[in-house]
Amino acid sequence: MTVREILILPDKRLRQVSDPVKKIDASLRKLVADMFETMYDAPGIGLAAIQIGTSKRVVTMDLAKKEEAKTPQVFINPEVTWSSTERATYEEGCLSIPEVYSDVERPAQVKVKYLDLEGELLEVEANGLLATCLQHEIDHLNGILFIDHLSKLKRDRIVKKFSKAAKRAAE
Ligand code: K1U
Ligand code: ZN
């Protein structure tokens, strides 16, 4: 297992639409192992494969609290099949936009179908943090970042700050 580098805004790869997984094989299992290693190291509660530069529709997640036992979850080719009209607001963060947190409003409940690592088709009905995190990660698979849900003014300020930092680092 390897801790991989997490892509940081404004890396263009974060805007790619990721490809569906066609085969669950040893290389996919290695990708998932690296994603958990990277997510726990960060630390984060979720990770999409594109955040480590692999354009595949794979998400890892663990919503257990620090003092609780780990509850690793893998979602392959996740798809929202239903969203509630009721909405909920959570303060979101993103490992690709470090130290930026902002309130985001999204559907409060969602149903998501996905494959597990054995290739079994499952569906989860989610609310609370699981619903928020699933929507945040599925957005990543479609090249969408949580800052895209903020006002243009807020988003532009954040993008400008990270673009300047990237330029300075490249000098
Ligand atoms: O996708 C990501 O960038 C991971 C992101 C997931 C997420 C957080 C909050 C709302 C929606 C989605 C993170 O994990 S940011 C870090 C974080 O929230 C956290 C880190 C350590 C302990 C608890 C939370
Ligand atoms: Zn994120």
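Quick notes on the rules
Residues numbered from 1 in each chain as written. Chains lettered and ligands numbered in written order. Predicted model: local features only at pLDDT ≥ 70, side-chain atom pairs only at ≥ 80, totals over all residues. Heavy atoms only, no water. Helix = DSSP H or I, 4+ residues; strand = E, 2+ residues; numbered from the N terminus. Donors = N, O, S within 2.8 Å, 3.2 Å for Na, K, Ca; no water. Buried < 20%, exposed > 50% of the residue type's maximum accessible area, 1.4 Å probe, protein only. Pairing = 2+ DSSP bridges. Axes fitted to C-alpha atoms, helices over the stretch in contact; angles between N-to-C directions. Contact = heavy atoms within 4.5 Å.

Draft legend 1. Layout of unusual backbone geometry. At the junction of Leu 9 and Pro 10, the peptide bond is cis and its omega measures out at 10° in the coordinates. One can find Pro 10 in the segment before helix 1 (26-41). At Glu 99, a position not held by glycine, the phi torsion is positive, near 65°. With respect to the secondary-structure elements, Glu 99 resides in the loop between strand 4 (87-92) and strand 5 (102-107).

Draft legend 2. Region of the structure containing the coordination of the zinc ion (ligand 2). Within the protein, Cys 94 (SG), His 136 (NE2) and His 140 (NE2) serve as the donor atoms for the zinc ion (ligand 2), at 2.1 to 2.3 Å. As a motif over one chain, the donors of the zinc ion (ligand 2) read C-x41-H-x3-H. Placement of the pair is His 136 and His 140 together in helix 2 (residues 128-141), with a separation of four residues, close to one helical turn. Look at His 140 and you get buried, because its relative accessible area is 1%.

Draft legend 3. Here's a closer look at the pairing of strand 6 (residues 110-115). Residues Val 110, Val 112 and Tyr 114 line the buried face of strand 6, whereas the alternating positions Lys 111, Lys 113 and Leu 115 sit on a face that is not buried. Bridge count for strand 3 (residues 73-83) against strand 6 is five bridges, and the pairing is antiparallel. For Val 80, the partnering residue across the bridge sits in strand 6 and is Val 112. Alignment of strand 6 against strand 7 (residues 121-126), held across six bridges, turns out to be antiparallel. The partner of Tyr 114 across the bridge, within strand 7, is Leu 122. In this antiparallel pair of consecutive strands, strand 6 and strand 7, the connection spans five residues, and Gly 119 shows a positive phi of 85°.

Draft legend 4. The arrangement of the sheet that holds strand 1 (residues 46-48) in detail. One open sheet accounts for five strands, arranged 1-2-3-6-7; its pairing is antiparallel. In the strand order of this sheet, the two ends are held by strand 1 and strand 7, each with one partner. Averaged over neighbouring strand pairs, the angle between their axes works out to 40° when direction is ignored. For strand 2 (residues 58-61) and strand 3, the ladder comprises four bridges, and the chain directions are antiparallel. Of the residues in strand 3, the one forming a bridge with Val 58 is Ile 76. Running over the sheet, helix 1 touches strand 1, strand 2 and strand 3 and is turned about 40° from strand 2.

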